[in-house]
Each structure stands twice: as structure tokens, then as C-alpha cells.
4 protein chains.
Amino acid sequence: MRKKQNIIRAAIHLFASQGFDGTTTLQISHEAQVTEPLIYYHFKGKEDLFTCILEKAFVDYFSLVDGLPSDTATQFERIENLINLHFDVIAERPDETFLITSTCPAKLNDLDHICANNIERQRNVLNGYLCDNLTAGIGSGEFAPVPVPETAVLIMAMISGLVRRRSLKYEDIDSVRRAAIDFLRRSLVQ
Amino acid sequence: MRKKQNIIRAAIHLFASQGFDGTTTLQISHEAQVTEPLIYYHFKGKEDLFTCILEKAFVDYFSLVDGLPSDTATQFERIENLINLHFDVIAERPDETFLITSTCPAKLNDLDHICANNIERQRNVLNGYLCDNLTAGIGSGEFAPVPVPETAVLIMAMISGLVRRRSLKYEDIDSVRRAAIDFLRRSLVQ
Amino acid sequence: MRKKQNIIRAAIHLFASQGFDGTTTLQISHEAQVTEPLIYYHFKGKEDLFTCILEKAFVDYFSLVDGLPSDTATQFERIENLINLHFDVIAERPDETFLITSTCPAKLNDLDHICANNIERQRNVLNGYLCDNLTAGIGSGEFAPVPVPETAVLIMAMISGLVRRRSLKYEDIDSVRRAAIDFLRRSLVQ
Amino acid sequence: MRKKQNIIRAAIHLFASQGFDGTTTLQISHEAQVTEPLIYYHFKGKEDLFTCILEKAFVDYFSLVDGLPSDTATQFERIENLINLHFDVIAERPDETFLITSTCPAKLNDLDHICANNIERQRNVLNGYLCDNLTAGIGSGEFAPVPVPETAVLIMAMISGLVRRRSLKYEDIDSVRRAAIDFLRRSLVQ
DNA sequence: CATGAATGAGATTTCATTCAT
DNA sequence: GATGAATGAAATCTCATTCAT
């Protein structure tokens, strides 16, 4: 089963760096050191392989987000946790993280394809998390009275912009992390 | 001549929504209401068409950024101008703007392909603008003493995250714009 | 009318160096410094252009061969004249000469296309000339009793081999010419 | 594996009768009774197929020429062997032999493409063989004092003229062979 | 005469996928 | 599980030719 893992690893890497359409099954088989038909033994096809990868990536991601504590001392701690979570996944699995932040390949965009579904769901989850959090913080007087949905959009944009910035891998990721948290604190906490 | 413009328009739209590899020359010709070979009369090939589009988009973009005034009353005005500029281009030309914020198709990633070059250059221009601006603002006491390069990365991430958020078109873009400016002001100005 | 000549010149050059199928009408128009449609103003098409060139080349060639004197003092003089004629045309018009020695493009090989016809006719003319000549020379005792049709084939092979040897242009063509005549004399005259 | 051979056989036949540019991959696949993409499974492309064929043909040809004995009783025997070798290959593999005597397709004429290289090499090998042979024969008094390089050119021209004369297949090839040897003997041996 | 723009037909090549073993 | 060989469908691109002016 090591070979199946090789296929998945190679596919993650290639899909993240070349896109779904830009990656051929031959490239995957080469990078995975297997022959092409083996891909079809383990998966129904290229699309299925992609779907499996994304599904797994989303499940892992959602379980992390779901695991974030909701009973923190301050509301800002929840923001902090969210930022830290994303910096952690960028550091540990940059390719998967990049994939779940990408737009779904046009071909797979059937209204309820797993890919489109999950991207939508991810957005909703993050949005819910942030809106709740902001509303609570503003209510308690911890946060300045910022417009809630718009600010959620901004924070999500910053997160996705950071995930997509591939050079983050090579930059001093921890100082950016600290700067991000301070940046948000100054803006939100009054 | 009108037909050449049709081709370009169709290609911008399709490349932005499906990616370079996900778009076929046949699709482009259909959407442009021309025959396929006409694409090859006006451009050397699919890649050349893509390159021409990107080059133009970058030139337009850079000339806007270069046109931003540097002698504003406050340093924050410069930040404000930069944000406004990006919200304007998102509103006016969402597809081109999306394209110049995307990663270059792997195949074109020869170290000095126009595409890779310009993406690099864009990053440097924005980075230079922000670093200068932040340093000056901190020096004059207008801005809080934030870490300069890291904060520049954060602001760029937010901008690119916003550009890539296609639904912005349908959201109340002006309230997001105002929220963004206020958000940054609170974080930076002391 | 100068432009028509340019087209013909360019076509001769390109057909001779790249073959009929290997030459595009665009290449011809470039080398002739005209636009493509002009080729179609002067000729019915690429094939017609090729045909015209070949027809002219064959007419010129045949008129030279027909002009060779038949009432020479010796039979070997006739051989000598034939060889000299070919060395002259190689020197003066290497490309046309190459073309009339080439095989007809497969596509034009309708049984009685001018091209196929003329190639056949050329062979017959040369063959007739040589067979007559050899028969007469052997009959008069001037030539050794060689087998007539086979020897005609050999001499024709040598001539066509020389015409096709493009580097002849750069070699000392006159010493090869003399060597050829001496070579044939030693072999034939007894 | 049988199918790969079919492709090669069909390609040899078609390239020899229609030229490289005049032959389409579809024609090859039809004649080989395979589908077109199979050509691309076994070869990198049309050009690669052509190159492989020529390479093999040249290797076979060179090994035959290299195998000719150099220690014959007379120098003329060496000439005789060379002529016989060429009549043998014409009889056995007329298409390959025609191909290696043809000019290289213009497109492949990169200064050191295998095709151009081998054509050059072939010329040098034959030329070396004949010059050595003629010089030795003249030195020993076996041959008349003919000009060496020019006579080599003439003999090579005759050989290539014969190889290219496709109708040789149908003519009485053995009588032409004998005539050629006698022809050369009379001209050279004194 | 001359040309810029355009096209139908077809050539080369790629690619996801399957088959036979 | 695994593979070498094979293929249908389609993508990119070329080219001789024509049209409108």
C-alpha cells in the first residue's frame, strides 16, 4: 500500500504546483514511481484521485477548526487560535492547504461536487466562526464596534492571501505569525 | 480588428474562470464568435495569447500603481490610495485583476517568462511601496512601531485575498472597502 | 511583373531545397517579398506554380538537348556534348536542374500530370539519344561492343548522380567535367 | 511488438515513396494497420520515427561497407565488391537504400542532426574507400593514371544515380550490374 | 495589382483511460 | 497488485486558399 501513498503524495504535490488541468496522469505516475494503470487500480480516475485528496484535506482541516475551543477567556484568543491554526497547517502541509484555498477546477464545478461543496462549506465555517466571535467581542465591549460581516471578509481574505503566498515557506514564518496577531489585536481590541 | 478584440475578451474571461490549462482554444473561438485558426492568425499560439493578455494587464496595473501620489499629507493616505486602487480595479476589470494575482501556469514558468517576471515585479513594487510608507509613518510617529517587512506581507496578503475573492463582485463592495480602510487605520495609526 | 518573377525565383529555390511538400506558400511569399494572395493572382495555386516552373524548366532543357548536333565527326563527340550540356546547366541553373531530376511529388502523380509526363519523356529522350549513339558507335567500330540499353542506363545514372550532387557547385566543377569525359572515353572508345 | 515493426515497415515504404513531408502519420497508421496514437507510444513523434529508421538504415549500410575485404588480389576487385554491395542492397531493401541516398528533409537539417551527419559520413566513407583504392591501383600500375578525387566523385555519382533509379527493381538488374562492372573495368584497368 | 483578414480541412500530438496478461 | 501495449477523443496548430476592399 506504500505505492498508493506514493500516488497520493505525488498527486498532491503536482496538483498544488501545476493545477488539476496542468497535471497529467503520466506525470503523477512518474513522480510516484509507478505505472499509470496502477492509478486506475486504486482510483476511479484522475478526477476521483483529486476528489479523494481534497476530501481528506477538507476533513482534516474541518476537524482542526471544529476542535478550536469556544470558551476562551477573551474573544481575541479565539482569533489568535484561528490564525495560529492556519500558520500551523501552512508549515506542516503547504500543498494540501494551498489546494483547499484554490478555486475548484471548472470541469468539476457541478453544483454539488464535493470540491465546490467543501469550498463553500469552508467559507461558511470560517465566516460563522468569525461572525460569532466578532459579535460576542463587540457585545462585551472587548472589540471596537466594527462592522461584523465585512470584517470577517477581511480577516478571511488575509488568511487566504497568506496561505496562497507560497514563499511563506522560506520567509521567517514565525515573525509573520506574531505580526499578524499583533496587527489584528491593534485593530480589534479596544 | 473587432474580431481580435473579441478573442482577447473571450480569452481573458475564460482564462480567469477556468485557468490556462483548463481553457481550450476551441472554447475561446466559440465565445469570441470566430473560427479557431483566427486565433493563430493574430497570435503565435495559445501561450502567446495568454502572455499578451498578461503583459497588457500588468502594464495597466503598474501604470496605476506608479501614478499614486507620494506626497500626501499623511502616510495613511497612501495606504488608503493603495486600497482604493485595488477595489477600483476589482470593480472595473475583475478578470484581468484575478489573472495578475494568480500563479503563473507551470509550463510558462521559465525563469524569465514575462508572466513569472511580472508576478515577481508586482510583488516587489507593492512591497517597496508599503515598506517605504510604513517606515516613513513610523519614523514620523504617525504609525505604531510595527515590524515593517512583516506588516507589508500582511497587507499584501489581504489585498490579494480580496482580489481573489470573486464573490466580492456581488457583495456590497463599498462597505467592504470602507471596512478595510478603517481596519487598517485602527491597526496602524496611533 | 517583377513581382511575378520574384515569386518564381523564390519558389524554384525553395522547392529545390525543401521539396514541394516541405515548402509552404507563406515561405514563398516571404522569400519573394510579396503577400500570399499575390501568388494566387498569378497562379492557380501552389501546384500550378510548381507545374509552371517545371514545365518551363523542361522546355528549356529539351530544347537544349534537341539542339545538340547529330552529325558529329565521331560518335564520342555526341557523348561529350551531352556531358558538357549537363555540366553547363548545373553551373547555370542548379535549382531547376535539380528539380527536373527529382521524383515527382506523390500527390501530383496522376498518370499524365505534366510532371510525371516530362520526367518520363526526359528519360526517353536521353535514352533514345544514348542508344542511337551507342549503336552507331559500336556499328562503326568506334566503340567497344558494350550492351547498349544497360550502358545507356549507366551513363544516365552518372549524369543524374552528378546533377543531384549539390556540392558540385563548390567543387572544382571543370576538373570533374574533364574527368567525366575522359572516364567515358576510356570505357567506350576502343 | 509486431505492431511496432508494422509501423516501421509502413513508414519506410511511405517515406521512400512520398518523402518525409509528403507522408502523414495517418497514412502510416493506416498502412501499418494500427491507430495513430500508437506511433506516439513507440516514437517521440514523426520526426523521431524518421530518425530511427534512418539511423538503423545507416548502421546496417555502414556495417556492410566496413565488412568489405581490403586485402583483395587486385584493386579492381575492391571496386567490383563495392558495386556488387550496392546492387545487393538495392535488390534487398530498395526503400531504405533510397532513403539513405536522399537529401535530408530541410526541417531536420540542424547542423548535427543524425540525418545530416550520416549523409555526410556516408559520403566520406565511400570517398575514402574509393580514393584509397584508386591511389593504390594507380601506384601499382593496375589502373590508368586517372585523377583520383574526381574519379571517386564520378563513381559515387553513378552509384547514387543507380540507387535512385527506382525502375531498376523491374529492369534486368543483373545485366545492368555486369554492365556496370565491365564499364568501370574498361575505364580503369589498363 | 495588391493586401489584411479570415477559414475549411487536415496534420501532429496529447491524454485519460482500458485491455490482455 | 501490477504492467506493457493500445486507443478514442480531443487539443493545438498549420496550411492552401479565398474574400472584401
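Residues numbered from 1 in each chain as written. Chains lettered and ligands numbered in written order. Predicted model: local features only at pLDDT ≥ 70, side-chain atom pairs only at ≥ 80, totals over all residues. Heavy atoms only, no water.

## Overview of the overall build of chain A
Thinking step 1. Scanning chain A for helices and strands turns up nine helices and zero strands.
Thinking step 2. Starting at the N terminus and ending at the C terminus, chain A contains elements arranged as α-α-α-α-α-α-α-α-α.
Thinking step 3. Taken over the C-alpha atoms alone, chain A extends approximately 60 × 35 × 25 Å along its principal axes.
Thinking step 4. Relative to its 190 residues, chain A shows a buried fraction of 52%.
Thinking step 5. Taking as baseline every contact in chain A between residues at least 6 positions apart, the subset at least 24 positions apart corresponds to 68%.
Thinking step 6. Put simply, chain A shows about 8,900 Å² of open surface, and 52% of that area lies on carbon and sulfur atoms. (Helix = DSSP H or I, 4+ residues; strand = E, 2+ residues; numbered from the N terminus. Buried < 20%, exposed > 50% of the residue type's maximum accessible area, 1.4 Å probe, protein only. Contact = heavy atoms within 4.5 Å. Areas by Shrake-Rupley, 256 points an atom, 1.4 Å probe, with all protein chains shown as cover.)

## Focus on the relation of the copies chain D and chain C
Thinking step 1. Aligned on chain C, chain D shows an RMSD of 0.1 Å; the corresponding rotation is 180° and the shift along the axis is 0.0 Å. Considering both components of the superposition, the chain copies are consistent with a two-fold axis.
Thinking step 2. Interface overlap between copies is the fraction of interface residues in one copy that are interface residues in the other; for chain D against chain C it reaches 100%, indicating a shared surface. (Least-squares fit on C-alpha atoms with pLDDT ≥ 70 in both.)

## So, the protein's contact with DNA strand E
Thinking step 1. Taken together, 29 residues surround DNA strand E, and among them Thr 25 of chain A, Thr 35 of chain B, Met 1 of chain C together with Thr 25 and Tyr 40 of chain D come closest.
Thinking step 2. Residue Thr 25 of chain A places a side-chain N or O atom 2.7 Å away from a phosphate oxygen belonging to DNA strand E.
Thinking step 3. In the model, a phosphate oxygen of DNA strand E is placed 2.7 Å from a nitrogen or oxygen of the Thr 35 of chain B side chain.
Thinking step 4. Breaking the surface near DNA strand E down by element, the ones donating at least two residues are helix 3 (36-42) of chain A, helix 3 (36-42) of chain B, helix 3 (36-42) of chain C together with helix 3 (36-42) of chain D.
Thinking step 5. The element that contributes the greatest number of residues to the surface near DNA strand E is helix 3 of chain B, accounting for four residues. (Near = heavy atom within 4 Å. Polar contact = N/O pair within 3.5 Å; in protein donor to acceptor, adjacent residues only side chain to side chain.)

## Some thoughts on the relation of the copies chain B and chain A
Thinking step 1. Overlaying chain B on chain A yields an RMSD of 0.1 Å, the required transformation being a rotation through 180° with an accompanying axial translation of 0.1 Å.
Thinking step 2. When the interface residues of chain B are mapped onto chain A, 100% of them are again interface residues, pointing to one common binding face.

## A word on the interface of chain D and chain C
Thinking step 1. The partner chain C presents 33 residues to the 33 residues of chain D that form the contact.
Thinking step 2. For the pairing of chain D and chain C, the buried interface totals around 2,900 Å² over both sides, and the portion due to carbon and sulfur atoms is 67%.
Thinking step 3. On the chain D side of the contact with chain C, Leu 154, Arg 165 and Phe 183 of chain D bury the most area, a combined 22% of that side's loss.
Thinking step 4. The interface formed by chain D and chain C contains six residue pairs in polar contact (both at pLDDT 80 or more).
Thinking step 5. Elements supplying a minimum of two residues to the side of chain D that touches chain C: helix 1 (2-18), helix 8 (148-164) and helix 9 (173-188) of chain D.
Thinking step 6. Of the residues forming the side of chain D that touches chain C, the biggest block, twelve residues, is contributed by helix 8 of chain D.
Thinking step 7. For the side of chain D that touches chain C, a count of residues per class yields 17 nonpolar, nine polar and seven charged. (Buried area = accessible area lost by both parts, 1.4 Å probe. Nonpolar A, V, L, I, M, F, W, Y, C, P; charged D, E, K, R; others polar.)

## Focus: the interface of chain B and chain A
How big an interface is tends to be stated in terms of the accessible area lost upon association of its parts.
Thinking step 1. Tallying the contact residues gives 33 residues for chain B and 33 residues for chain A.
Thinking step 2. Carbon and sulfur atoms make up 66% of the area that chain B and chain A hide from each other, which totals about 3,000 Å².
Thinking step 3. Broken down residue by residue, the surface that chain B buries against chain A is led by Leu 154, Arg 165 and Phe 183 of chain B, which jointly contribute 22%.
Thinking step 4. One can count zero salt bridges joining chain B with chain A. (Salt bridge = Lys/Arg side-chain N within 4 Å of Asp/Glu carboxyl O.)

## Structural notes on the protein's contact with DNA strand F
Thinking step 1. By nearness alone, 29 residues border DNA strand F, and Met 1 of chain A, Thr 25 of chain B, Thr 25 and Tyr 40 of chain C together with Thr 35 of chain D come closest of all.
Thinking step 2. Taking the atoms of DNA strand F that fall within 4 Å of the protein, sugar and phosphate contribute 65% of them.
Thinking step 3. A distance of 2.7 Å separates a phosphate oxygen of DNA strand F from a polar side-chain atom of Thr 25 of chain B.
Thinking step 4. The contact in question runs from a phosphate oxygen of DNA strand F to an N or O atom on the side chain of Tyr 40 of chain B, over 2.8 Å.
Thinking step 5. Listed by contribution, the elements that provide at least two residues to the surface near DNA strand F are helix 3 of chain A, helix 3 of chain B, helix 3 of chain C together with helix 3 of chain D.
Thinking step 6. Considering every element that reaches the surface near DNA strand F, the biggest residue donor is helix 3 of chain D, with four residues.

## Concerning the side chain of Ser 102 of chain A
Residues and elements named next belong to chain A.
Thinking step 1. Mapped onto the elements, Ser 102 comes out in the loop between helix 6 (94-101) and helix 7 (114-139).
Thinking step 2. For Ser 102, a relative accessible area of 15% corresponds to the buried category.
Thinking step 3. For Ser 102, the residues in contact, after removing those within four places along its chain, are Ile 119 and Arg 164.

## Thoughts on the arrangement of the chains
Thinking step 1. Spatially, chain A is disjoint from chain C: no contact exists, and the shortest C-alpha separation is 33 Å.
Thinking step 2. There is a gap between chain A and chain D: no contact, and a shortest C-alpha distance of 12 Å.

## What about the domain arrangement of chain A?
Residues and elements named next belong to chain A.
Thinking step 1. By domain assignment, chain A separates into domain 1 (1-43) and domain 2 (50-188).
Thinking step 2. For domain 1 versus domain 2, the separation of C-alpha centres amounts to 28 Å.
Thinking step 3. Between domain 1 and domain 2, the contact holds ten residues from the first and ten residues from the second.
Thinking step 4. The three residues of domain 1 that bury the most area against domain 2 are Ile 12, Ala 16 and Phe 20, which together make up 57% of that side's buried surface.
Thinking step 5. Inspection of the region where domain 1 meets domain 2 yields one salt bridge. (Domains from an automatic or database assignment.)

## Section: the packing of helix 8 (residues 148-164) of chain A against helix 8 (residues 148-164) of chain B
Thinking step 1. Taken N-terminus to C-terminus, the directions of helix 8 of chain A and helix 8 of chain B make an angle of 105°; their axes are 7 Å apart at the nearest point. Here helix 8 of chain A is positioned roughly perpendicular relative to helix 8 of chain B, judged by the angle of their axes. Touching Val 153, Leu 154, Ala 157, Met 158, Ser 160, Gly 161, Leu 162 and Arg 164 of chain A of helix 8 of chain A are Val 153, Leu 154, Ala 157, Met 158, Ser 160, Gly 161, Leu 162 and Arg 164 of chain B, all from helix 8 of chain B.
Thinking step 2. Tallied by class, residues from the contact of helix 8 of chain A with helix 8 of chain B come to ten nonpolar, four polar and two charged. (Axes fitted to C-alpha atoms, helices over the stretch in contact; angles between N-to-C directions. Parallel < 35°, antiparallel > 145°, perpendicular 65-115°, else oblique.)

## Looking at unusual backbone geometry
All names here are of chain B.
Thinking step 1. With phi around 60°, Gln 33 is a residue other than glycine that occupies positive phi space.
Thinking step 2. Relative to the elements of secondary structure, Gln 33 occurs in the loop between helix 2 (25-32) and helix 3.
Thinking step 3. What makes Gln 33 exposed here is its relative accessible area of 69%.

## What to know about the pattern of salt bridges
Thinking step 1. In total, this model carries 25 salt bridges over all chains according to the counting rule given.
Thinking step 2. Arg 177 of chain A serves as the salt-bridge partner of Asp 88 of chain A, at 3.0 Å between the closest nitrogen and oxygen. Note that Asp 88 of chain A is positioned in helix 5 (residues 75-92) and Arg 177 of chain A in helix 9 (residues 173-188), a separation of 89 residues in sequence.
Thinking step 3. For Arg 177 of chain A, a relative accessible area of 16% corresponds to the buried category.
Thinking step 4. Among the ionic pairs, Arg 177 of chain B bridges to Asp 174 of chain B, the shortest N-O distance being 3.1 Å. Of this pair, Arg 177 of chain B and Asp 174 of chain B are both found in helix 9 (residues 173-188), three residues apart, which corresponds to roughly one turn of the helix.
Thinking step 5. Exposure remark for Asp 174 of chain B: the relative accessible area of 37% places this residue in the partly exposed category.
Thinking step 6. One salt-bridge network, in which partners are shared between bridges, spans Lys 56, Asp 60, Arg 93 and Glu 96 of chain B.

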